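# Structural description and commentary
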Amino acid sequence: MEKKNILFISSWFPNKIEPSNGNFVQRHAEAVSLKHHVEILHSIGDFNQKEDYSIDDQLINGIKTIVVYYRNSKNPLQNFYRRMKAYKMGFSKMKKPDLVHANVLHNSMFFAVYLKNKLNIPFVISEHWTAYQENASDAHGKVWRFFAKWIANQSSAVLPVSENLKKGLIALGVKKEIKVISNVVNTDVFKLNNNVKKDEVFTFLHVSSLVERKNPDKIIVATKKLFDAGYKFHLKIGGSNFKHLEKQIIDISASDYISTFGLLPLSEVAEKMQKSHALILFSENETQGCVLVEANACGIPVISSKVGGVPEFVNEKTGILVEKNNVEDLYFAMEKMLLRNVNFETPEVLHQQIKEKYSPEKIAEAFSEVYEFVLKQ
């Protein structure tokens, strides 16, 4: 397929207010840029902004990336109007795309529908949101689900990141072509590295946004229980918002074996994985859990709650699945890891399996096939 102009727009995308929000969309765009000319457009409200609009136009990892900030208000209709105007302002600075690659069915996606109707530009949607899983609570109500279904059915194809999410979209009423295309793992960053030495003591790692649904506090509870049972190990726990966990760690006198860290660039996250022996994810829900496949790419096994799309990516050769919110179950899984009472694939095989399925090249190929199908119509 010859190179096409692809415009990525997304309801979530890294910005100055939320630096890591939707970083998986950025990785998709970077993967697609291996085969096509890609530009990225995002708009978001800022309550602290004085002017009505400000445009941040950057070249990030070789991709023209425009984020248009609008002055946020407490009026949702006014914010929606400003967001659509912000998208129009940003779009005027872009090449006219052959196809729009939209991300996350939220009201920003009305702009993709606008471009289709106004300029005859087709769009596809990648979906990442747990809100559309089959068993998700109907947090957005019937009105939004109606609009989400309507937008999805205006698209040329819908591309959820997991089979679990695909089932949810079918249940929502999406009639368009649905194809699962996973999140991407940069296997040049998340890799085996013989120059990085493992920590001397067995080390568990947890890295996430550390929001409530990631259950970092419950990981700490299981860790304390393991320490009280006489085991020697370390837990490193970090992400964009870790201060609230430090009090919990001090209160249970766990500072000797639990340490925290803040938001890190991907290369440093990969190094922490390479130094560790296992990764823990104990979330209430996940569409995929990018961090799980990144850990496998670094050659380490994982422990994860059995939620959402996770069982599609974790099996007995790559990690241990535990019941959601079951701290006892997590404790026994951590104990198994410590005692090495498990038979996982070698680090080399773990890495190779991820590279063959989720590398930027593989994901770019999968998206290109969809683009070709859409643009031939």
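To continue, consider the sheet that holds strand β11 (residues 278–281). The six strands are arranged β10-β9-β8-β11-β12-β13 in an open sheet whose pairing can be described as parallel. The open sheet is flanked by β10 (258–261) and β13 (319–322), the only strands paired with a single partner. The mean angle between the axes of side-by-side strands here comes to 20°, regardless of whether they run parallel or antiparallel. Where strand β12 (residues 302–305) and β13 come together, four bridges link them in parallel fashion. Paired with S304 across the two strands is L321, which belongs to β13. Against the sheet, helix α8 (residues 266–275) makes contact with β8 (203–208), β10 and β11, and its axis sits at roughly 155° relative to β8, the strand it touches most. Running over the sheet, helix α9 (residues 290–297) touches β8, β11 and β12 and is turned about 175° from β11.

Another point: the environment of V314. If you trace the backbone, V314 turns up in the loop between β12 and β13. Residue classification places V314 among the buried positions, given a relative accessible area of 3%. Setting aside residues up to four positions removed in sequence, V314 forms contacts with L292, V302, G319, I320 and L321.

The residue S267 is located in helix α8 in this model. In this structure the C-alpha to C-alpha distance between S267 and N117, which are 150 residues apart in sequence, comes to 41 Å.

All right, on to the layout of surface pockets then. Its volume calculated, the second largest pocket comes out at about 430 Å³. Along the walls of the second largest pocket sit 22 residues, with K198, G299, I300, P301 and P347 positioned nearest its centre. Here the lining of the second largest pocket takes three residues from helix α11 (residues 347–358), the largest share from any one element. Residue composition of the lining of the second largest pocket, grouped by class: eleven nonpolar, seven polar and four charged.

Those residues of α8 that sit buried are V269, A270, M273 and Q274. What you see down the axis of α8 is that its buried residues fit within an arc of 140°, all on one side. At its buried positions, α8 is contacted by β8, β11 and α9.

Its location among the elements puts T223 in helix α6 (residues 216–228). The class for T223 is buried, based on a relative accessible area of 0%. Leaving out residues up to four positions away in the same chain, T223 has contacts with F233, L235, Y257, I258 and M334.

Bringing the pairing of strand β5 (residues 99–103) into the picture now. In terms of burial, β5 is a largely internal element, five of the five residues being buried. Across the two faces of β5 the burial is the same, with L99, H101 and N103 and V100 and A102 all buried. Direction of pairing for strand β1 (residues 5–10) relative to β5: parallel, over a ladder of five bridges. Of the residues in β5, the one forming a bridge with L7 is V100.

Moving on, we come to the nonpolar core. By size, the foremost hydrophobic cluster in this structure holds 39 residues, and its most contacted members are I9, L41, V100, Y132 and I151. Looking at this core, the elements with two or more residues in it are β1, β4 (63–71), α2 (76–91), β5, α3 (110–119), β6 (123–127), α4 (141–154) and α5 (163–172). With five residues, α3 is the single largest residue contributor to this core. Once residues within four sequence positions are removed from consideration, I151 is found in contact with L105, H106, M109, F110, V113, F123, I125 and W144. In this structure, F204, I219, L235 and I237 belong to the second largest nonpolar core, which totals 29 residues.

Looking now at the packing of aromatic side chains. Counted under the stated rule, the structure contains 19 aromatic pairs. The interplanar angle of 75° and the centroid separation of 5.4 Å between the aromatic rings of W12 and W129 together place this pair among those described as edge-to-face. Residue W12 is located in the loop between β1 and α1 (23–32), and its partner W129 is located in the loop between β6 and α4; the two are separated by 117 residues in the primary sequence. Ring centres of F91 and F111 lie 6.0 Å apart, and the angle between their planes is 75°; on these two criteria the pair is classed as edge-to-face. Residue F91 is located in helix α2, and its partner F111 is located in helix α3; the two are separated by 20 residues in the primary sequence. Overall, F91 belongs to the buried group, its relative accessible area being 14%. Clustering of aromatic rings is evident, with ring pairs tying together F80, F110, W144, F146, F147 and W150. The ring of F261 carries K272 above its face, with NZ or CZ at 4.6 Å from the centroid.

About the cut-offs
Residues numbered from 1 in each chain as written. Predicted model: local features only at pLDDT ≥ 70, side-chain atom pairs only at ≥ 80, totals over all residues. Heavy atoms only, no water. Pairing = 2+ DSSP bridges. Helix = DSSP H or I, 4+ residues; strand = E, 2+ residues; numbered from the N terminus. Axes fitted to C-alpha atoms, helices over the stretch in contact; angles between N-to-C directions. Contact = heavy atoms within 4.5 Å. Buried < 20%, exposed > 50% of the residue type's maximum accessible area, 1.4 Å probe, protein only. 1 Å grid on protein atoms, 1.4 Å probe; cavity = no way out; pocket = protein on both sides within 12 Å on 5 of 7 lines; lining within 4 Å. Points joined across faces, edges and corners; volume = space filled by probe spheres on them. Nonpolar A, V, L, I, M, F, W, Y, C, P; charged D, E, K, R; others polar. Arc of directions from axis to C-beta. Core = buried A, V, L, I, M, F, W, Y, C linked by side-chain atoms within 4.5 Å. Phe/Tyr/Trp six-rings, centres within 6.5 Å; stacked < 30°, edge-to-face > 60°. Lys NZ or Arg CZ within 6 Å of the ring centre and 35° of its normal.

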